[in-house]
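# Structural features, examined
If you want the building blocks of each chain, they are given just below.
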2 protein chains.
Amino acid sequence: MPRTPDAETTPLKTRREQIYEVAGQLFSERGYHGTSMRDLAARLGIQGGSLYAHIASKEELLVELVERAAHQFDEALFSLSAADLPPEAKLREAMRRHLEVVAQNMDSATVFFHEWKHLSPPAYQRVTAWRDTIDHFYRELIQEGIRSGDFRADLDVKMSAYLVLSAVNWAYTWYRPGGSLTPGQVVDQFGQMLLDGLRSQP
Amino acid sequence: MPRTPDAETTPLKTRREQIYEVAGQLFSERGYHGTSMRDLAARLGIQGGSLYAHIASKEELLVELVERAAHQFDEALFSLSAADLPPEAKLREAMRRHLEVVAQNMDSATVFFHEWKHLSPPAYQRVTAWRDTIDHFYRELIQEGIRSGDFRADLDVKMSAYLVLSAVNWAYTWYRPGGSLTPGQVVDQFGQMLLDGLRSQP
DNA sequence: CCTACCGATCGGTAGG
DNA sequence: CCTACCGATCGGTAGG
């Protein structure tokens, strides 16, 4: 059995990826409901109906794009959970990875942040659970730092996690890949501001 | 001349406001393109076509909602520009007002952040200009604090402003009015974390 | 504010 | 991957 019955041939897989890529661009620019399948097909130089030779439905595109983004965040952070790093370094590293996912996938990140609400229930719930996992990761990280004495004892864990997440997530609105700042440089700055504060030391 | 010719009667004005309010809810939940005029009418208990006795078009709703939100941010912050407050207090107060606008208008804020891209050119440009004004306000505020010596001299003004804006803007994704935290309490925490940092002092 | 309707466009399919 | 088409729904209007 050299092939599974539903194995896709190489050109098909490539086309599929092209579709996802362009869908990511359009969904992030115009939104899911603001993008028609004919818009998408036109960008690929084919007819609207031809898309369905490669994908099952418009919703499949959204599901796939959002879940891929969620998976990337998950993958970037999960391997850090058990890492044996001091809390500060771990926080910086988490922020760096998180921001890299945003920076290297600006379209998918935008779709992830804006369009997940339009998913139908099963995918919607999976994505919500994923977001909770990310929240939980940052809360654990802060908690560790408080326990170890590296972070201030009077921090509210939930609020600190929100603050860190704000910084790395909101970047999808202003960061421009290819601009003057690498994700690493952004995190160096954000990391220092968050850890040491904006106030000048007396 | 007791009335201007196009003065609206009271019941009309009220209905208009109802329409904007419900449109804000629907646009924030389902997006602009994900909401049909018939959805909107149904929520108001009228027929789709009847909406056009009160408004000119769907786009008018979006323009009005986004510009109202922009105007609220503008109004909340503008009066602070010339205020004679120490930089720290000014930053806290700006964040408090900013977050109050978000908190008291979760729907409009969500529409403002998500749907402004769908505006047609004239309104799009006005809103973009407004956003720049807000950015500029925060940068000026940080700049003042650096000059006065209250904020660290090595801060990157642009990045610090992004960090502050991240904190207050991202709240539209997680803040729940009527929950356990008032905007003031959120800002007390965010303000302290941003000013003093997460790290425990040696 | 309703009924009845307009042309346009939507996601998706059949058959090739 | 195309042509040709489906029923449904879209924003909006006319006339009352």
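Residues numbered from 1 in each chain as written. Chains lettered and ligands numbered in written order. Predicted model: local features only at pLDDT ≥ 70, side-chain atom pairs only at ≥ 80, totals over all residues. Heavy atoms only, no water.

## Section: the nonpolar core
- Counting residues in each nonpolar core, the largest one holds 139 residues, and the members touching the most others are A:Leu40, A:Tyr138, A:Phe190, B:Leu40, B:Tyr138 and B:Phe190.
- Examining the composition of this core, we find that 13 residues originate from one element, helix α7 (residues 157–174) of chain B, more than from any other.
- Here A:Phe190 is in contact with A:Met95, A:Ala167, A:Trp174, B:Met159, B:Tyr162 and B:Leu163, once residues within four sequence places are set aside. (Core = buried A, V, L, I, M, F, W, Y, C linked by side-chain atoms within 4.5 Å. Buried < 20%, exposed > 50% of the residue type's maximum accessible area, 1.4 Å probe, protein only. Helix = DSSP H or I, 4+ residues; strand = E, 2+ residues; numbered from the N terminus. Contact = heavy atoms within 4.5 Å.)

## Examining the UniProt feature "DNA-binding region" (unreviewed entry) in chain A
- UniProt records the feature "DNA-binding region" (unreviewed entry) for residues 36–55 of chain A in the present numbering.
- Secondary structure content for residues 36–55 of chain A is 40% helix and 0% strand, and the end C-alpha separation is 14 Å. (UniProt positions renumbered as here; feature names shortened; annotations may be inferred.)

## Some remarks on the relation of the copies chain B and chain A
- Expressed as a screw operation, the relation of chain B to chain A combines 0.0 Å of axial shift with a rotation of 180°, fitting to an RMSD of 0.0 Å. Read as a symmetry element, the transformation amounts to a two-fold axis. For chain B, the minimum C-alpha distance to the rotation axis belongs to B:Gly197 and amounts to 1.9 Å.
- Taken as a fraction of all interface residues of chain B, those also at the interface in chain A reach 100%, which identifies the copy contact as same-surface. (Least-squares fit on C-alpha atoms with pLDDT ≥ 70 in both.)

## A short note on the protein's contact with DNA strand D
- What surrounds DNA strand D is a group of 15 residues, the closest being A:Gln47, A:Ser50, B:Arg38, B:Tyr52 and B:Lys58.
- Sugar and phosphate atoms form 59% of the subset of DNA strand D atoms that lie within 4 Å of the protein.
- Here a phosphate oxygen of DNA strand D sits 2.7 Å away from a polar atom, N or O, in the main chain of A:Gln47.
- Contacts to DNA strand D include A:Ser50, whose side-chain N or O atom sits 2.6 Å from a phosphate oxygen.
- In terms of residue class, the surface near DNA strand D is made up of four nonpolar, seven polar and four charged. (Near = heavy atom within 4 Å. Polar contact = N/O pair within 3.5 Å; in protein donor to acceptor, adjacent residues only side chain to side chain. Nonpolar A, V, L, I, M, F, W, Y, C, P; charged D, E, K, R; others polar.)

## Considerations on the packing of helix α8 (residues 183–196) of chain A against helix α8 (residues 183–196) of chain B
- Contact geometry of α8(A) with α8(B) gives a least axis separation of 4 Å together with a crossing angle of 110°. Taken together, the axes of α8(A) and α8(B) lie roughly perpendicular to each other. Contact residues: α8(A) offers A:Met193, A:Leu194, A:Leu195 and A:Asp196, while α8(B) offers B:Met193, B:Leu194, B:Leu195 and B:Asp196.
- Classifying every residue of the contact of α8(A) with α8(B) by side-chain character gives six nonpolar, no polar and two charged. (Axes fitted to C-alpha atoms, helices over the stretch in contact; angles between N-to-C directions. Parallel < 35°, antiparallel > 145°, perpendicular 65-115°, else oblique.)

## Describing the protein's contact with DNA strand C
- Taken together, 15 residues form the shell around DNA strand C, and within it A:Arg38, A:Lys58, B:Gln47, B:Ser50 and B:His54 come nearest.
- Near the protein, meaning within 4 Å, the atoms of DNA strand C are sugar or phosphate in a fraction of 59%, with bases accounting for the rest.
- Residues that form the surface near DNA strand C fall into these classes: four nonpolar, seven polar and four charged.

## Description of the environment of A:Glu59
Residues and elements named next belong to chain A.
- With respect to the helices and strands, the residue Glu-59 is situated in helix α3 (residues 58–81).
- Glu-59 sits 28 residues away from Pro-87 along the chain, and the two C-alpha atoms are 40 Å apart.
- The residues contacting Glu-59, other than those within four sequence positions of it, are Tyr-32, His-118, Leu-119 and Ser-120.

## Focus: the packing of helix α4 (residues 87–104) of chain A against helix α6 (residues 121–148) of chain A
All names here are of chain A.
- Where α4 meets α6, the closest approach of the two axes is 9 Å, and the angle between their N-to-C directions is 160°. Between α4 and α6, the angle is such that the two are roughly antiparallel. Read as a crossing pair, α4 and α6 show a hand that is left-handed. Residue-level inspection shows Pro-87, Lys-90, Leu-91, Ala-94, Met-95 and His-98 of α4 in contact with α6, the latter providing Ile-134, Phe-137, Tyr-138, Leu-141, Glu-144, Gly-145 and Ser-148.
- Grouping the amino acids of the contact of α4 with α6 by side-chain chemistry returns eight nonpolar, three polar and two charged. (Left-handed = near helix turned anticlockwise from the far one by under 90°.)

## Topic: helix α2 (residues 37–44) of chain A
Residue and element names in this part refer to chain A.
- For α2, the set of buried residues is Met-37, Leu-40, Ala-41 and Leu-44. In an axial view of α2, the angular spread of the buried residues amounts to 95°, which keeps them on one side of the axis. Turned more than 90 degrees off the buried face of α2, the exposed positions are Arg-38 and Ala-42.
- Positive phi shows up at Gly-45, right after α2, with a value of about 75°. (Arc of directions from axis to C-beta.)

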